[in-house]
Amino acid sequence: MTGTFAISSSMQDYLEAILNLSEKDDGLARITDIANMLSIAKASVSQAISSLKDLGLVAQERYGPVELTCAGRELAIKVRHRHRTLRKFLVEVLGVDPKIAEKDACLMEHVVSQQTLEKFMEFLETTGKPEGAAGAGISSGAGAMKNPIWDEGKEAKILRSVNTRALSELQTGEKGKVLRTTAKGPVHRRILEMGVTPGAEIFVKGVAPLGDPIEVLVRGYHLSLRKEEAATIFVEVV
């Protein structure tokens with residue numbers, strides 16, 4: 001599949017815009033809408049869409065709306081995930097103004113390494129934010145960056161206070177809100193890129209006879225998770 005860095009940053013912006021437009025009420029991404037969202041001339045958009053079609057990332061009938069292919073949607077989700085992670089870090093951890101953070105995240109998402117992005121996400125997931133404070137837990141001098149991370153005792157206490165189960169334990173028709181994942185490395189990255197992040201609601205659509213795979217609905221998308229992946233995802237059953 002075409003990798004995140006195999007196409008230009010502007011092409012990545014087009015894919016992200018098409019994804020966002022496709023999730024609006026009418027679910028259509030028209031050339032005019034894309035041009036308006038990116039503040040670019042329609043002629044430039046048409047040319048870019050032609051290139052994306054050649055790469056197999058989008059499809060479009062003559063004069064019709066633009067649709068992401070499976071490969072295009074997967075790449076667009078990855079691009080948007082990078083964008084949102086960076087914006088979240090800038091706003092919630094560093095206290096950057098949301099409008100400035102949005103612009104900076106647009107620039108940073110195309111150049112930051114995957115390793116750095118993962119560290120950003122780990123930091124956001126495992127650190128606390130003092131009430132009413134921007135720059136969560138970041139202090140100056142010796143002992144800086146000593147945000148409280150999850151320890152066994154604290155985690156156990158929190159998990160006992162809610163109806164928490166591993167996603168692999170849920171039955172068809174049950175749903176929950178994602179609390180955290182214990183996955184590491186590539187599995188952790190894959191789970192996050194699919195939109196299974198803390199706070200996301202997840203609905204179990206079906207479970208194979210032997211419990212593998214598990215079909216779920218999250219953020220409007222149908223996903224297929226291996227049982228070992230689902231076992232690392234802890235949810236509050238709702």
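Preceding block: the structure.
Bear in mind the structure is a predicted one, so any value in this text is a computation, not a measurement.

Draft legend 1. Broad picture of unusual backbone geometry. With a phi close to 55°, Ser39 is a non-glycine residue in the positive phi region. With respect to the element layout, Ser39 can be found in the loop between helix H2 (31–38) and helix H3 (42–54). Take Ser39: its relative accessible area is 68%, and that puts it in the exposed class. Positive phi, close to 65°, is recorded for Tyr63, a residue that is not glycine. Assignment of secondary structure puts Tyr63 in the loop between strand E1 (58–60) and strand E2 (66–68).

Draft legend 2. A look at the sheet that holds strand E5 (residues 201–207). Here we have six strands laid out as an open sheet, ordered E3-E8-E4-E5-E6-E7, and antiparallel in their pairing. Single-partner strands in this sheet number two, and they are strand E3 (164–166) and strand E7 (221–225). Neighbour-to-neighbour, the strand axes of the sheet open up by a mean angle of 40°, direction not taken into account. As paired elements, strand E4 (residues 175–181) and E5 share three bridges and run antiparallel to each other. If you follow Lys175 over to E5, its bridge partner there is Phe203.

Draft legend 3. Structural detail: the environment of Ala208. With respect to the secondary-structure elements, Ala208 resides in the loop between E5 and strand E6 (214–218). Between the alpha carbons of Ala208 and Thr172 there is a distance of 9.8 Å; along the sequence they are 36 residues apart.

Draft legend 4. Broad picture of the layout of surface pockets. Considering only enclosed or pocket space, the second largest pocket measures out at about 300 Å³ in volume. Along the wall of the second largest pocket there are 13 residues; nearest its centre are Arg73, Glu74, Ile77, Met194 and Leu223. Counting only elements with at least two residues in the lining of the second largest pocket, the list comes to helix H4 (70–93), helix H8 (185–193) and E7. At five residues, H4 tops the list of elements feeding residues into the lining of the second largest pocket.

Draft legend 5. Spatial organisation of the side chain of Thr197. Counting through the fold element by element, Thr197 comes out in the loop between H8 and E5. Dropping the residues within four chain positions of it, Thr197 is found in contact with Val178, Leu192 and Arg219.

Draft legend 6. Summary view of the pattern of salt bridges. If you walk through the whole model with that rule in mind, you get eight salt bridges. Across the salt bridge formed by Lys88 and Glu92, the nearest N and O atoms sit 3.2 Å from each other. Here Lys88 pairs with Glu92, and both are found in helix H4, just four residues apart, close to one helical turn. Since its relative accessible area comes to 32%, Glu92 is described here as partly exposed. The salt bridge involving Arg165 is made with Glu174; its shortest N-O contact spans 3.0 Å. You can call Arg165 partly exposed: its relative accessible area is 24%. Classification of Glu174 as partly exposed rests on a relative accessible area of 24%. What you see here is one network of salt bridges that share partners, running through Arg226, Glu228 and Glu229.

Definitions and limits used
Position numbers for residues start from 1 in each chain and track the written sequence from start to end. For a predicted model such as this one, the threshold for reporting local features is a pLDDT of at least 70, and the threshold for listing and counting side-chain atom pairs is 80 or more; totals across whole chains, interfaces and linings nevertheless cover every residue. Derived side-chain values reflect all non-hydrogen atoms in the structure, with water molecules and hydrogen atoms excluded from consideration. Counting from the N terminus, the helices are the DSSP runs of H or I reaching at least four residues and the strands are the DSSP runs of E reaching at least two. The classification of residues rests on relative accessible area computed with a 1.4 Å probe and restricted to protein chains. Under 20% of the type maximum is buried, over 50% is exposed, and intermediate values are partly exposed. Criterion used throughout: strands pair if DSSP finds at least two bridges between them. Axis lines are fitted to C-alpha atoms, over the contacting stretch for helices. Their N-to-C directions set the angle, which ranges from 0 to 180 degrees. Whether a set of points on the 1 Å grid over the protein atoms alone is a cavity depends on a 1.4 Å probe fitting there but being unable to get out, while an open set qualifies as a pocket with protein on both sides within 12 Å along at least five of seven lines; lining residues are those with an atom within 4 Å of a point. Grid points are joined across faces, edges and corners, and a volume is the space filled by probe spheres set on the points. Between two residues, a contact is recorded if the distance between any of their heavy atoms is within 4.5 Å. Any Lys or Arg side-chain nitrogen found within 4 Å of a carboxyl oxygen on Asp or Glu counts as a salt bridge.

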